[in-house]
Amino acid sequence: KKLTGLATPSATTDAATKDYVDKRHLTYNVILRAAGWSSSQPYTLTVSNSNFLSTDYVRVIPTYNDDLQTDIAMMAAWNCVTNYYPVTRGLKLICLEQKPTMDIGVQLQVFR
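Residues numbered from 1 in each chain as written. Predicted model: local features only at pLDDT ≥ 70, side-chain atom pairs only at ≥ 80, totals over all residues. Heavy atoms only, no water.

Chemist: Which residues make up the overall build of the chain, and what values go with them?
Modeler: A tally of regular secondary structure across the chain gives two helices and six strands. Ordered by position from the N terminus, the helices and strands of the chain form the series α-β-β-β-α-β-β-β. Relative to its length of 112 residues, the chain is extended, with a C-alpha radius of gyration of 18 Å against a globular reference of 13 Å. With respect to the principal axes defined by its C-alpha atoms, the chain has extents near 55 × 30 × 20 Å. Burial analysis of the chain (112 residues in total) assigns 30% to the buried set. For the chain, restricting intrachain contacts to residue pairs at least 6 apart in sequence, the fraction spanning at least 24 positions comes to 72%. Put simply, the chain shows about 7,500 Å² of open surface, and 51% of that area lies on carbon and sulfur atoms. If the 11 positive side-chain charges of the chain are averaged to one point and the 9 negative ones to another, these points end up 11 Å apart. (Helix = DSSP H or I, 4+ residues; strand = E, 2+ residues; numbered from the N terminus. Rg over C-alpha atoms; globule rule 2.2 N^0.38 Å. Buried < 20%, exposed > 50% of the residue type's maximum accessible area, 1.4 Å probe, protein only. Contact = heavy atoms within 4.5 Å. Areas by Shrake-Rupley, 256 points an atom, 1.4 Å probe, with all protein chains shown as cover. Lys, Arg positive; Asp, Glu negative; His and termini not counted. Charge placed at Lys NZ, Arg CZ, Asp CG, Glu CD.)

What follows is the structure in structure tokens.
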């Protein structure tokens with residue numbers, strides 16, 4: 001059976017269309033460029049994306065490949081990141097002590 005013609009939900013018990021739900025979870029693959037970090041502590045880098053809202057919840061997951069030595073180096077670089085949070089039209093990442101010296105591939109999972 002199908003439910004059609006649903007309005008935009010406004011209460012927590014309202015039904016929602018697939019399109020409405022799909023737009024609440026977005027996925028982006030990006031590269032955090034080593035050259036993009038600020039030059040002084042705390043080191044910061046902002047990933048720009050016009051679809052981001054400051055109220056989004058973002059999960060950042062490093063994307064490794066099958067090369068052991070590269071993956072170990074990228075894991076060490078990712079461990080430099082101490083915090084991240086969404087900002088309007090982007091995601092801000094912070095490194096308190098040292099910044100990554102290599103590019104890091106990550107997947108950004110955005111939830112609204």
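Chemist: Give a detailed account of the sheet that holds strand S1 (residues 25-32), specifying residues and quantitative values.
Modeler: Judged by pairing direction, the sheet is antiparallel, and its three strands sit side by side in the order S1-S6-S3 without closing on themselves. Here the strands that pair on one side only, and so sit at the sheet edges, are S1 and strand S3 (57-62). Recorded for the sheet is a direction-independent mean angle of 25° between the axes of neighbouring strands. (Pairing = 2+ DSSP bridges. Axes fitted to C-alpha atoms, helices over the stretch in contact; angles between N-to-C directions.)

Chemist: Account for the packing of aromatic side chains, naming residues and giving values.
Modeler: Aromatic ring pairs are reported here in terms of the distance separating the ring centres and the angle at which the planes meet. Under the counting rule described, the total for this entry stands at three aromatic pairs. The interplanar angle of 45° and the centroid separation of 5.7 Å between the aromatic rings of Tyr28 and Phe52 together place this pair among those described as tilted. Of this pair, Tyr28 sits in strand S1 while Phe52 sits in the loop between strand S2 (43-48) and S3, and the two are 24 residues apart along the sequence. With respect to burial, Tyr28 and Phe52 carry one shared label: buried. Ring geometry for Trp78 and Tyr84: centres 6.5 Å apart, planes at 40°, overall tilted. Residue Tyr84 is classed as partly exposed on the basis of its relative accessible area of 25%. (Phe/Tyr/Trp six-rings, centres within 6.5 Å; stacked < 30°, edge-to-face > 60°.)

Chemist: Tell me what's going on with the sheet that holds strand S4 (residues 83-87), and back it up with residues and numbers.
Modeler: The sheet built from three strands is open, its strands ordered S2-S5-S4 with antiparallel pairing. A single partner strand is all that each edge strand has here, and the edge strands are S2 and S4. Sheet twist, expressed as the mean angle between neighbouring strand axes with direction ignored, is 20°. Relative to strand S5 (residues 90-95), S2 runs antiparallel, the two being bridged by six bridges. Note on S5: the bridge partner recorded for Tyr43 is Cys95.

Chemist: Provide a residue-level description of unusual backbone geometry, including the pertinent values.
Modeler: Here Gln41 and Pro42 are connected by a cis peptide whose omega angle stands at -15°. With respect to the helices and strands, the residue Pro42 is situated in the loop between S1 and S2.

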